[in-house]
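Survey of secondary and tertiary structure
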Amino acid sequence: MAQIVLLHSAYGLRPAVHQAADRLRAAGHRVHTPDLYDGRTFDTVEEGMAYKEELTNDELLRRAVTAAAPLLAPVNGTTPPPDGLVYAGFSLGGALAQNLALADEQAKGLLLLHGTSDIRDDAATSIPVQLHVAEPDPFESEDWLNAWYLRMRKAGADVEVHRYRGAGHIFTDPELPDYDAEAAEQTWAAALDFLAELDG
């Protein structure tokens, strides 16, 4: 059983995030879905990105760190939790999850859905990473993904990339135009296998 922090996209904490969390819980995992937007959700990526810019990346990262911090606190004030967290996220949430995972020496894994983030030159990690991304993706260009992969490998991560030709950007959300049912099912099957291997 993994303990997972699942971060929402620029659209906010939409029903699809709760559905994903329920799917992961059904497989036996503990899943936390912090709301970084204080209850606000958006119907278009433009509206969501505008609100994200209003909040700023630094504030969103601060909120994500604050949400994860209690899960990293010592149990009963004596010992740290026995297992590290798995960080996961959708698009913007994936970028935030990556930043949290690379800053957490006890991180157990990183599951990225539709989004990545830049990587510092001095980053070092040995965590398993699984990325699911559309091909092509308007927010994750081929050049960017190739550079991201090489830098993540250089940092020491064990990286696995799944690409879905013809799918939209956030193809796992049934309520968005990007949705691709076949790609979504393939994603969740691979993600559940990935999480199971972390427990193995």
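Quick summary incoming for the structure in this document. From a predicted model like this one, the values you see are computed outputs, not experimental measurements.

Rules used throughout
Residues numbered from 1 in each chain as written. Predicted model: local features only at pLDDT ≥ 70, side-chain atom pairs only at ≥ 80, totals over all residues. Heavy atoms only, no water. Helix = DSSP H or I, 4+ residues; strand = E, 2+ residues; numbered from the N terminus. Rg over C-alpha atoms; globule rule 2.2 N^0.38 Å. Buried < 20%, exposed > 50% of the residue type's maximum accessible area, 1.4 Å probe, protein only. Contact = heavy atoms within 4.5 Å. Areas by Shrake-Rupley, 256 points an atom, 1.4 Å probe, with all protein chains shown as cover. Lys, Arg positive; Asp, Glu negative; His and termini not counted. Charge placed at Lys NZ, Arg CZ, Asp CG, Glu CD. Phe/Tyr/Trp six-rings, centres within 6.5 Å; stacked < 30°, edge-to-face > 60°. Lys NZ or Arg CZ within 6 Å of the ring centre and 35° of its normal. Pairing = 2+ DSSP bridges. Axes fitted to C-alpha atoms, helices over the stretch in contact; angles between N-to-C directions. Core = buried A, V, L, I, M, F, W, Y, C linked by side-chain atoms within 4.5 Å. Salt bridge = Lys/Arg side-chain N within 4 Å of Asp/Glu carboxyl O. Polar contact = N/O pair within 3.5 Å; in protein donor to acceptor, adjacent residues only side chain to side chain. Patch = residues over 30% accessible without salt bridge, like charges linked within 9 Å, V, L, I, M, F, W, Y side chains within 5 Å.

A word on the overall build of the protein
Each helix and strand in the protein was counted, giving six helices and six strands. Secondary structure elements of the protein occur, N-terminal to C-terminal, as β-α-β-α-α-β-α-β-β-α-β-α. Against the globule reference of 16 Å for 200 residues, the protein gives a C-alpha radius of gyration of 16 Å, in line with a compact fold. On the principal axes, the C-alpha backbone points of the protein span a range of 50 × 35 × 35 Å. Counting the 200 residues in the protein, one finds 50% classified as buried. By sequence separation, contacts in the protein at least 24 residues apart represent 62% of the contacts at least 6 residues apart. Summed over its atoms, the accessible surface of the protein is roughly 9700 Å², and 50% of this surface lies on carbon and sulfur atoms. Measuring between centres, the 15 positive side-chain charges of the protein sit 4 Å from its 32 negative side-chain charges.

Some words on the packing of aromatic side chains
Applying the stated criterion across every chain, the model contains five aromatic pairs. Among the aromatic side chains, those forming a connected cluster through ring pairs are Tyr37, Phe42 and Tyr51. Across from the ring centre of Tyr51, 4.5 Å away, lies the NZ or CZ of Arg40, which sits over that ring.

Focus on the sheet that holds strand β2 (residues 30-32)
Here we have six strands laid out as an open sheet, ordered β2-β1-β3-β4-β5-β6, and parallel in their pairing. At either end of the open sheet lies a strand with only one pairing partner, and these are β2 and β6 (158-165). Strand-to-strand twist across the sheet, computed as the mean angle between neighbouring axes with direction ignored, equals 15°. Of the pairings in the sheet, the one linking strand β4 (residues 109-113) to strand β5 (residues 128-135) comprises four bridges and is parallel in character. Within β5, the position partnered with Leu110 by the bridge is Val129. Along the sheet face, helix α6 (residues 181-199) touches β1 (3-7), β3 (85-90), β4, β5 and β6 and points at about 175° away from the line of β5.

Observations regarding the nonpolar core
Among the nonpolar cores identified, the biggest contains 34 residues, and Tyr37, Tyr87, Leu110, Val129, Trp148 and Met152 are the most heavily contacted of them. When residues in this core are grouped by element, the largest group, five residues, is from helix α4 (residues 92-103). Beyond its immediate chain neighbours, meaning those up to four positions away, Trp148 contacts Gln98, Leu112, Thr116, Ser117, Ile119, Val129, Leu131, Val159 and Val161. With 19 residues, the next largest nonpolar core counts Ala20, Val86, Ala88 and Leu113 among its residues.

Comments concerning the side chain of Asp104
By the element assignment, Asp104 lies in the loop between α4 and β4. Summary of buried charges: Asp104 has no salt-bridge partner, and the nearest side chain of opposite charge, Lys108, is 12 Å away. With sequence-adjacent residues up to four places away left out, Asp104 is seen in contact with Leu72 and Tyr87.

So, the side chain of His132
Mapped onto the secondary structure, His132 falls in strand β5. Among the polar contacts listed, one links the side chain of His132 to the side chain of Tyr164, at a separation of 2.7 Å.

Observations concerning a nonpolar patch on the surface
A surface patch of nonpolar side chains, about 260 Å² in accessible area, is lined by Tyr149, Leu150 and Val161. As for its position among the elements, Leu150 is in helix α5 (residues 142-155).

A closer look at unusual backbone geometry
Following Glu135, the chain continues to Pro136 via a peptide bond in cis, the omega torsion being 0°. Tracing the backbone through its elements, the reader meets Pro136 in the loop between β5 and α5. A positive phi is found at Asp38, a non-glycine position, where the angle reads about 55°. Assignment of secondary structure puts Asp38 in the loop between β2 and α2 (45-55). According to the relative accessible area criterion, Asp38 is exposed, its value standing at 55%. Although it is not a glycine, His114 sits at a positive phi angle of roughly 75°.

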